[in-house]
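For reference, the chains in residue letters:
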Amino acid sequence: MDAQTAALLEHFRSPSTVVDAIVAFCRAKELDPMRTLDDAFATLTDLVAARVLVPAESSLAHPIASSLSVGQSVENVEILEPIHLLDDTEVYRGRSADGTVVVLKIVGSNIRQNTVATIHHEANVLSRLDGKVTPRLLAAGRFDGRSFIVTTWHSGVDLYRAEGEARALPEPGRSDALLKIAVQILRSYAHLHSQGALHGDVHPRNILVDESDRITVLDFGLAVMPVAGVVGLHGGIDLFQAPEIAKANLASAEIPMPSVASEQYSIGALLYFLLTGGHTHSFSLQQDAMLSQVVNEPPLPFSHHGADNFVCLESCVNRALAKDPADRYSSIDEMLQSFLQSSERMRVGSLPSSVRNIFADDPSQILLDDVLNRFRVPGRLYTDGLEAPTGSITYGAAGVAYFLLRIARTRDDETLLAAADQWLTRAASAISSPSAFWNAERGIVPEALGQSSLFHHACGIHCVQALIAHARGDDVAQLHALEAYSAASELCDQIDVAFGRSGLLIGCAMLLDIAPPHLACDALLALGQRLLQSIWAQLDIQPPLTENATQATLGAAHGWCGYLFATMRWCEASGTAVPPQLLERLEQLAALGQPSGRSMKWPRKIPDIASNGILSASWCNGAAGYVHLWTTACQLRGSDVGFERLARMAAWHSYDELSDAPGDLCCGLAGRAYALLRLHRSTGELAWLERAKVLAKRATANPGIQPNRVNSLFHGDIGIALLAADLAAPEFSCMPFFEDEHWPKRAASSAI
């Protein structure tokens, strides 16, 4: 509705007569009350008929509450949470007796005969469908006199939210994401029609889009199956109804049953909305005027909504929107083929230059230049030195050297490589000084960070030494660095990635990845195997993660996600067989995931429940770390569909979580962006790269970095700057000191 009508409605938030509301509204707006009443009367009448405006004493004036409580059982289905509550229908997520997550749809406590009939009809239709693009009927019955059905659970969000998320992406990811959803909608309806079923209720709320952009069509209370003799009730949303149905409504004539042609029009209107972000007409608020527009007026051109990049698809969609059913496609399958042919002609290069250059003045690139300038050699910071800890990967010069090395690789820049070597030399020269790794005033002490870790101790410096030597082609220096790493890595008490043995194991994998075939790595291999065995000797005695009494930390930096990821990293790099219990532990960890829409998150600790907030989406303790885990597990298991789905759902939570997160790698947006880049490289899907860019822009705009951490790789703006460089060359992107960095293998140098 328009802004003025919305403002008038605000006066009915507390009980009011129409006259009093009009008078108060007109006094505030300095309008004529009689003229305003004349203009608004028809709209207010429609809103009363639609039960948007209700008498103060009506039961509909109160918030709708669920009639079933969490933990209650309905015919062997345990209620987990309410999903969608209306005054006549309630939908719940539940769990069946065998532990399967299901959907329970039940008539509300305000029982109406037509609602009962609709649920019975939906059960009849679903029982005849194969469940590939629709929920599958599992059970139907009555509970406390109320009819219900139980169907399969499908994760996802409705099309309104999916469209909004896709439209928020920069180009070309925006067009790529919208096109993918459009094609999936057409494929789903083509499959549904192939079973002799017509949905009869096409609109965005009835389209569920999952983590892979697959479509599930919901709500079959108005569906028909003409060949099977299954007829339903009339209904649907006016914005998506075909002209022949609108014409019958205008004439108060008998409404024709849904047909392939009328459903095609509704699907065309749905795709029009998806591609343009607007509706086919500038619809009137008056129902008769709205219906008349559908019957008589052509759809607005795509250009009216600024959708010029989809102009090659306009004729395809407009044919589905033809006023005469005979002028539409013969089937949805034919429409799909036309749509695919038209979309083939759409290329990123054909987008307007203003769209292609949306990141031309990206602030993250300005940040990258500023950070590179800060660490130039010689320069003030290099001359004056860093605040303690001066040497570690996380806080000190080893992290700075790594940052410069990564960008030198991306740009093939020898000057930056030399600067990286100089910063690393400074870190190594002070390796025996307490200030290299500790700062008691900042709480960076052995009691908190442990005695030996990749991120906070001398072995981290040696790891970066090996990386720089590899980049320079210096096998002698690389061999010395490998030996120094092995000597400095102690089997400390801590087991996690951030402070202990799992991090050291990842360091072993990184060094083995870059070792030339001719280089002796016996000490490194032996160290890696000792670390792996010691980690699993401790893990094997732990009870199953799914036992409620278990006390355990789960995330990538400090818990099980990190233990399992480090194990797979080492086994992949060394060619070692994975421990026998690895898959079982992965499955236990997967079972602790808590779905919401098309995303999933894990609790930071168990038996604590998952919570929202910055850590629920972060690399260190949240969903971003799990993206790396599940994509790696998927590769280990040969493209395991279950693990891929978990990776996608974790990525969606990493992207969607909107709390005020800092910009850094560890807890913030940069670490989350690297998780999306990991999924982009794994799937090849452009949209995940563009989503990573969105997070990078947010990180740059509001980094939220503490002043004494600004020069930290993991807690400062260096990580954001590194992300900016990787977004310019995503083929080189990787989460620092976590993922496989894909350094090129070298042949023997002349020094050996």
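Look above for the structure.
We now turn to the structure provided with this report. (Residues numbered from 1 in each chain as written. Predicted model: local features only at pLDDT ≥ 70, side-chain atom pairs only at ≥ 80, totals over all residues. Heavy atoms only, no water.)

**Describing the overall build of the protein**
Our working definition: Going along the chain from the N terminus, every DSSP run of H or I of four or more residues is numbered as a helix, and every run of E of two or more is numbered as a strand. Put simply, the radius of gyration uses C-alpha atoms, and a globule should come to 2.2 Å times the residue count raised to 0.38. Think of it in three bands: residues with accessible area under 20% of the maximum for their type are buried, residues over 50% are exposed, and the middle band is partly exposed, with areas taken using a 1.4 Å probe on protein chains only. Contacts were defined at the residue level, with two residues in contact if any of their heavy atoms lie within 4.5 Å. Only the protein chains shown count as cover for residues, and the accessible areas themselves come from Shrake-Rupley with a 1.4 Å probe. For this count, His and the chain ends are skipped, Lys and Arg are scored as positive, and Asp and Glu as negative. Every charge is mapped to an atom, namely NZ of Lys, CZ of Arg, CG of Asp or CD of Glu.
For the protein, the count of helices and strands is 29 helices and 13 strands. Against the compact-globule benchmark of 27 Å for 752 residues, the protein has a radius of gyration of 30 Å, which places it among compact chains. For the C-alpha atoms alone, the extent of the protein along its principal axes is close to 90 × 55 × 55 Å. Taking all 752 residues of the protein together, 54% fall into the buried category. Considering only residue pairs separated by 6 or more positions, the protein has 67% of its internal contacts joining residues 24 or more positions apart. Carbon and sulfur atoms provide 52% of the accessible area of the protein, an area that totals close to 31,000 Å². Each charge class in the protein was averaged separately, 58 positive and 82 negative side chains, and the resulting centres sit 2 Å apart.

**A closer look at the packing of helix 26 (residues 641-656) against helix 28 (residues 686-701)**
Geometry of a packed helix pair, given as the angle between the helix axes and the separation of the axes. Definition in use: What counts as an axis is a line fitted to C-alpha atoms, over the stretch in contact for a helix, and the angles between N-to-C directions run from 0 to 180 degrees. If an angle is under 35 degrees, it is roughly parallel; if it is over 145, roughly antiparallel; if it lies from 65 to 115, roughly perpendicular; otherwise it is oblique. It is the rotation of the near helix from the far one that decides the hand of a crossing: anticlockwise by less than a right angle makes it left-handed, clockwise makes it right-handed. Charged residues are taken to be Asp, Glu, Lys and Arg, nonpolar residues to be Ala, Val, Leu, Ile, Met, Phe, Trp, Tyr, Cys and Pro, and polar residues to be all remaining types, Gly included.
At their nearest, the axes of helix 26 and helix 28 sit 11 Å apart, and the two run at 30 degrees to each other. Taken together, the axis directions place helix 26 and helix 28 in an arrangement best described as roughly parallel. Considering the relative orientation of helix 26 and helix 28, their crossing is left-handed. Only Trp688, Arg691, Val694, Leu695 and Arg698 of helix 28 make contact with helix 26, whose side of the interface consists of Arg648, Ala651, Trp652, Ser654 and Tyr655. For the contact of helix 26 with helix 28, the class distribution of residues is six nonpolar, one polar and three charged.

**Observations regarding the sheet that holds strand 6 (residues 146-152)**
Heads up, the condition is: Any two strands between which DSSP finds at least two bridges are classified as paired.
Spatial ordering of the open sheet is given by 1-2-3-4-6-5, a layout of six strands whose pairing is antiparallel. The strands lining the two open edges of the sheet, one partner per strand, are strand 1 (73-74) and strand 5 (137-143). Of the strands in this sheet, strand 3 (89-95), strand 4 (101-107), strand 5 and strand 6 are in contact with helix 4 (residues 113-126), which crosses strand 6 at around 30 degrees.

**Examining the sheet that holds strand 8 (residues 207-209)**
If you trace the three strands from one edge of the open sheet to the other, you get 7-8-9, paired in antiparallel fashion. Edge positions in the sheet fall to strand 7 (157-158) and strand 9 (215-217), since each has one partner strand and no second. In this sheet, strand 8 lies alongside strand 7 in antiparallel orientation, the contact comprising two bridges. Bridging across to strand 8, Val157 finds its partner in Val209. Seen against the sheet, helix 6 (residues 173-194) touches strand 8 and strand 9 and runs at an angle of roughly 45 degrees to strand 9.

**Thoughts on the packing of aromatic side chains**
Cut-off, in case you're wondering: Classification of ring pairs uses Phe, Tyr and Trp, with its six-membered ring standing for Trp, and accepts pairs whose centres are within 6.5 Å; under 30 degrees between planes counts as stacked, over 60 as edge-to-face, and the remaining range as tilted.
As enumerated under the stated definition, the model contains 18 aromatic pairs in all. With a centroid separation of 5.4 Å and an interplanar angle of 85 degrees, the aromatic rings of Phe455 and Phe714 are classed as edge-to-face. You can see Phe455 sitting in the loop between helix 17 (446-449) and helix 18 (458-472) and its partner Phe714 sitting in the loop between helix 28 and helix 29 (717-728), a full 259 residues away along the chain. You'll find Phe455 and Phe714 in the same group, each marked buried. Look at Trp602 and Trp630: their rings are 5.9 Å apart centre to centre, the planes differ by 35 degrees, and that puts the pair in the tilted class. Note that Trp602 is positioned in the loop between strand 12 (599-601) and strand 13 (605-606) and Trp630 in helix 25 (residues 623-636), a separation of 28 residues in sequence. Judged by its relative accessible area of 0%, Trp630 is buried.

**Focus on the pattern of salt bridges**
Test applied: Any Lys or Arg side-chain nitrogen found within 4 Å of a carboxyl oxygen on Asp or Glu counts as a salt bridge.
According to the stated counting rule, one finds 29 salt bridges in the structure shown. The residue Lys180 makes a salt bridge to Glu685 at a minimum N-O spacing of 3.1 Å. With Lys180 in helix 6 and Glu685 in the loop between helix 27 (669-683) and helix 28, the pair connects residues that are 505 residues apart, well separated along the chain. Residue Glu685 is classed as buried on the basis of its relative accessible area, which comes to 18%. When salt bridges that share partners are traced, they join Arg161, Glu165, Asp213, Arg598 and Asp656 into one network.

**Brief notes about the side chain of Thr152**
Heads up, the rule is: Polar contacts, as counted here, are pairs of nitrogen or oxygen atoms within 3.5 Å of one another; within protein the pair requires one atom able to donate a hydrogen and one able to accept it, and residues that are adjacent in sequence qualify only if both atoms are side-chain atoms.
Residue placement: Thr152 occurs in strand 6. Judged by relative accessible area, Thr152 falls into the buried class, the value being 16%. A distance of 2.9 Å separates the side chain of Thr152 from the backbone nitrogen of Arg136, its partner in a polar contact. Of the polar contacts made by the side chain of Thr152, one reaches the side chain of His154; its length is 3.0 Å. Setting aside anything within four residues of it in sequence, one finds Thr152 in contact with Val103, Pro135, Arg136 and Leu138.

**What about the packing of helix 20 (residues 501-514) against helix 21 (residues 522-539)?**
With their axes 9 Å apart at the nearest point, helix 20 and helix 21 run at an angle of 150 degrees to one another. The orientation of helix 20 relative to helix 21 falls into the category roughly antiparallel. Judged by the twist between their axes, the crossing of helix 20 over helix 21 is left-handed. Facing Arg501, Ser502, Leu504, Leu505, Cys508, Leu511 and Leu512 of helix 20, the residues of helix 21 in contact are Leu524, Leu525, Leu527, Gly528, Leu531, Leu532, Ser534, Ile535 and Gln538. Each residue belonging to the contact of helix 20 with helix 21 can be placed in one class, and the counts come to eleven nonpolar, four polar and one charged.

**Focus on the pairing of strand 5**
Taken together, the six bridges between strand 5 and strand 6 define a ladder with antiparallel strand orientation. Bridge pairing in strand 6 places Gly141 opposite Phe148.

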